[in-house]
Amino acid sequence: MSLEARLTLGRAAGFVLDVELAAPAGGTLVLAGESGSGKSTVLRLLAGLERPDAGRIALGGSVWFDGTACLRPDERDVGWVPQDYALFPHLSVRENVEFGLRARRCPATEVRRRASAALERFGLRDLAGRHPAGLSGGQQQRVALARALVTEPALLLLDEPLAALDLPARQTLRGELRSLLAGFPGVIVFVTHNPVEAMLFGERIAVLEQGRVSQSGGRDELLTRPRSAYVAQFMGLNLIQGRVLERQADGVTRVETRDGSVTVAGTEGAATPELFVAVSPREITLYRSAPEASAQNLYRGRVLEMVPELPFGERVRVVLDTHPRLVAEVTRSAVEHLGLSEGQEVYASFKATGAVAYG
Amino acid sequence: MAAVAVRAAVGLAMALCAALVVVPLLALTLRVPLRTLADQLGQRVVIEALVLSAQASLSATAAVVALGLPTAYLLATRTFPGKKVVEVVLDLPMVLPPTVAGLALLLAFGRAGLAGRLLQLFGLSIPFTTLAVVIAQTFMALPFFIGPVRAGIASLDPRAQEVARTLGATEWYGFWRVVLPLSVPAIVAGTAMAGARALGEFGATITFAGNLPGVTQTMPLAVYVELQRDLDTAITLSVLLLLVSFGLLLALRMGRAGPGR
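Computed from a predicted structure; not experimentally measured. (Residues numbered from 1 in each chain as written. Chains lettered and ligands numbered in written order. Predicted model: local features only at pLDDT ≥ 70, side-chain atom pairs only at ≥ 80, totals over all residues.)

Examining the overall build of chain B
Formally: Strands here mean DSSP runs of E at least two residues long; helices mean DSSP runs of H or I at least four residues long; both are numbered from the N terminus. Whether two residues are in contact depends on their C-beta atoms, placed from the backbone: they are in contact if these lie within 7 Å.
A tally of helices and strands in chain B yields 13 helices and 0 strands. Its helices and strands in sequence order give chain B the pattern α-α-α-α-α-α-α-α-α-α-α-α-α, from N to C terminus. With the C-alpha coordinates aligned to their principal axes, the bounding extent of chain B is approximately 75 × 65 × 35 Å. The long-range share in chain B, meaning contacts at least 24 apart out of those at least 6 apart in sequence, stands at 77%.

This is the structure:
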């Protein structure tokens, strides 16, 4: 039961959603993007809560939307876990979990049996009689998952399932959520704006920017070969776009950017004139005065901002106003050793082999 | 100094407001003829008015809920062309002078009226019957139910109903199992307000249904008639109405302060 979807939706305020998504059975597709990029709307369209202007939604053999016919949400085999879960406040945990079975007119004995199994599996047996208001964020999340999964949907839609939790709980529950989702036979579409979650949950990631998929692919591909500024930022990489200026026989290539140039050891893929150059912040070395280093790429600029990386204290991201703009990641001791502070002038360099160039 | 003066003025305004309501009600309650109360209550005119008012206002309240609940749900969950107009029209009885409402009902359901002529074909004549009382009360009480219930449903998290839909619930099933239970406080409030309004209805009733003892003479009408005949009876009836209204509001408050809020 693989998912194939092509969705177009024009909103009044000039916002246009136009995406194409695919995921194999048993796979998880992460939809990553900033708030307002249309992620939640994609889930609502897939769930049937809103109707696309055009496109097609197919799950395995069954077509949910084909441009004219549009199945209602209750006719789709779908589970939707909205942000903040939206549990039924007037129902107990057990009644929340039983809701989908009752709505689908399961026989009473089957309702009890399947709900009990789900409560057991999601560690909710002792909470069965409680109401949602008295539950912790993590418990509410498990109820929402149990409620959505008890009907064994073919498509599970998770909208920022961890965003409603406090930071400490979020980190523990990340692992718990992964094990609860493991073995789910259908397709999962997981919406997040958090890069760590995107990496953890998505075998395939589609990045949504202003209603369009700016890049989609495997986790490693996005991590090493971003193709938009947002994707690079999401993955924490420096991305430089430019044109090939000179390509030497040994592969060393000079790339001209909008406001400078970069030398790389080689390029991947077809020899196109337009190139992306990705540089990991850890490849960048900082100096207080002009170094006599062998690195081919040397830039001068000021420190705009210094941001400690999580977990705090180990590493610091140093944002520079070099041309092209660079972010370096150095250790805390290096910051102290160099005596770095915001506004200070520094030299940043990286080796030609420290950059990845691709067309 | 200015702050003190402002505070004093605000306090005085509140005290005057309270006094304006309390003093007349106190005057009424203090005049209850306690010694002859049993005789007063035993009078035919009182019993008839009491029974008729109970029957009519309960029927009207039932009609208000039956008609108002689907209307409030649609207004809270749908957009359609002309919705604003519908809303204004449905609110009109709240501000319309009741006698005007009564006259309008008479012209609609009277013998020569728009709907009256049609009903005449089936041998039905509504004016000056108990049914006319129920219609007048329903007409006047409807906005008092639709208002709060519509607001209550609109204030619900729409995702609750949406989750229900994705779990396989039809809109109908979701309405009964999610929207309705979550709207109970608003429905109780609306029902109480509408019931109180129906019970107290005077102008539209006397215009449209007349003032026939045992048929259309509800308690407020009986108060008016007895005022010119026997003041003690009028007072007894009035205090009964006051007690019911007070009880309704009190129950509402208690219900709101209690569990689920």
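We are not done yet, so read on.
Notes on the overall build of chain A
What counts here: Neighbour density around each residue's C-beta defines its exposure: 20 or more other C-beta atoms within 10 Å make it buried, 12 or fewer make it exposed, and counts between make it partly exposed, where C-beta atoms are placed from the backbone.
In terms of helices and strands, chain A carries 9 helices and 21 strands. Among the 359 residues that make up chain A, the fraction classed as buried is 40%. A fraction of 63% describes how many contacts in chain A between residues 6 or more apart in sequence connect residues 24 or more apart.

Digging into the packing of helix α3 (residues 44–77) of chain B against helix α12 (residues 219–227) of chain B
Residue and element names in this part refer to chain B. Formally: Working convention: axes come from line fits to C-alpha atoms, limited for helices to the stretch in contact. Angles between N-to-C directions cover 0 to 180 degrees. When describing relative orientation, an angle under 35 degrees is termed roughly parallel and one over 145 degrees roughly antiparallel, while 65 to 115 degrees is termed roughly perpendicular and anything else oblique. Classification convention: Asp, Glu, Lys, Arg as charged; Ala, Val, Leu, Ile, Met, Phe, Trp, Tyr, Cys, Pro as nonpolar; all other residues, Gly among them, as polar.
Two elements in contact, α3 and α12, have axes whose closest approach is 8 Å; the angle formed by their N-to-C orientations is 155°. Comparing their axes, α12 and α3 come out roughly antiparallel. In contact with Val 45, Ala 49, Leu 50 and Ser 53 of α3, α12 contributes Met 219, Ala 222 and Glu 226. Along the lines of polarity and charge, the residues of the contact of α3 with α12 split into 5 nonpolar, 1 polar and 1 charged.

Overview of the nonpolar core
Stated precisely, the cut-off is as follows: By convention the nonpolar core is taken to be a set of buried residues drawn from Ala, Val, Leu, Ile, Met, Phe, Trp, Tyr and Cys and joined through C-beta atoms within 7 Å.
Within the largest apolar cluster, 148 residues are counted, with the highest numbers of intra-cluster contacts made by A:Leu31, A:Leu46, A:Ala146, A:Leu157, A:Val189, A:Val277 and B:Ala136. If one sorts the elements of this core by residue count, helix α7 (residues 130–154) of chain B sits on top with 14 residues. Ignoring anything within four residues of it in the chain, the contact list for A:Ala146 reads A:Val97, A:Ala118, A:Leu119, A:Phe122 and A:Leu124.

Section: the interface of chain B and chain A
One frequent convention defines the size of an interface as the accessible area lost when the parts assemble. Contacts between the two partners involve 16 residues from chain B, matched on the other side by 16 residues from chain A. When contributions to the side of chain B that touches chain A are tallied by element, the ones reaching two or more residues are α8 (158–166) and α9 (171–182) of chain B. The element contributing the most residues to the side of chain B that touches chain A is α8(B), with 7 residues. In terms of residue class, the side of chain B that touches chain A is built from 9 nonpolar, 3 polar and 4 charged.

With respect to the sheet that holds strand β16 (residues 285–287) of chain A
Residues and elements named next belong to chain A. Note the following rule: Pairing between strands is defined by DSSP: at least two bridges between them are needed.
Taking strand neighbours across the sheet as the criterion, the 5 strands line up as β16-β20-β17-β18-β19 in an open arrangement whose pairing is antiparallel. The open sheet has two edge strands with one neighbour each: β16 and β19 (327–331). Geometrically, the sheet is characterised by an average inter-axis angle of 45° between neighbouring strands, direction not taken into account. Where strand β18 (residues 315–320) and β19 come together, 5 bridges link them in antiparallel fashion. Among the inter-strand pairings, Arg 315 is bridged to a residue of β19, identified as Thr 331.

A look at the environment of A:Leu239
By secondary structure assignment, the location of A:Leu239 is in strand β11 (residues 238–247). Apart from the residues lying within four places of it in its own chain, the contact partners of A:Leu239 are A:Pro226, A:Ala229, A:Ala232, A:Phe276 and A:Ala278.

Notes on the domain arrangement of chain A
Residue and element names in this part refer to chain A. Basically, it comes down to this: Domain delimitation follows an automatic or database domain assignment.
Per the domain assignment, the segments making up chain A are domain 1 (3–229) and domain 2 (237–358). Taking only C-alpha atoms, the centre of domain 1 and the centre of domain 2 are 38 Å apart. Counting residues at the interface gives 5 residues for domain 1 and 6 residues for domain 2. Its residues assigned to classes, the side of domain 1 that touches domain 2 shows 2 nonpolar, 1 polar and 2 charged.

Notes on α8(B)
Buried residues of α8(B): B:Gln161, B:Glu162, B:Val163, B:Ala164, B:Arg165 and B:Thr166, and no others. Where α8(B) is buried, its residues touch α1 (39–47), β6 (78–81) and α2 (93–103) of chain A together with α9 of chain B. Immediately beyond the C-terminal end of α8(B), within one or two residues, lies B:Gly168, with a positive phi of roughly 100°.

Considering the sheet that holds strand β15 (residues 274–279) of chain A
An order of β13-β12-β11-β15-β21-β14 (chain A) is seen for the 6 strands of this open sheet, with the pairing classed as mixed. Each edge of the open sheet carries a strand with a single partner, namely β13 (260–264) and β14 (267–268) of chain A.

Section: the packing of α2(A) against helix α3 (residues 108–121) of chain A
Residues and elements named next belong to chain A. Inclusion rule: Crossing handedness: left-handed means the near helix sits turned counterclockwise from the far one by under a right angle, and right-handed means the same turn made clockwise.
Put simply, α2 and α3 touch, their axes get as near as 9 Å, and they point 130° apart. One finds that α2 runs oblique with respect to α3. Once α2 is placed against α3, the crossing between them reads as right-handed. The residues of α3 that touch α2, namely those facing Arg 94, Val 97, Glu 98, Leu 101 and Arg 102, are Val 111, Arg 114, Ala 115, Ala 118 and Leu 119. A breakdown of the residues in the contact of α2 with α3 according to their chemical character gives 6 nonpolar, no polar and 4 charged.

Some remarks on the domain arrangement of chain B
Taken domain by domain, chain B holds domain 1 (1–29) and domain 2 (42–257). In this structure, domain 1 of chain B and domain 2 of chain B have C-alpha centres spaced 32 Å apart.

Here's the deal with the pairing of strand β1 (residues 3–10) of chain A
Residue and element names in this part refer to chain A. Here β1 shows a clear split, with Leu 3, Ala 5, Leu 7 and Leu 9 buried on one side and none of Glu 4, Arg 6, Thr 8 and Gly 10 buried on the other. Bridge count between β1 and strand β4 (residues 54–59): 6 bridges; the pairing is antiparallel. What sits directly across from Leu 3, in β4, is Leu 59. Across 8 bridges, the pairing between β1 and strand β2 (residues 16–23) is antiparallel. Paired with Arg 6 across the two strands is Glu 20, which belongs to β2. Connecting β1 to the antiparallel partner β2 that follows it, the hairpin turn spans 5 residues, and Gly 14 within it adopts a positive phi of roughly 85°.

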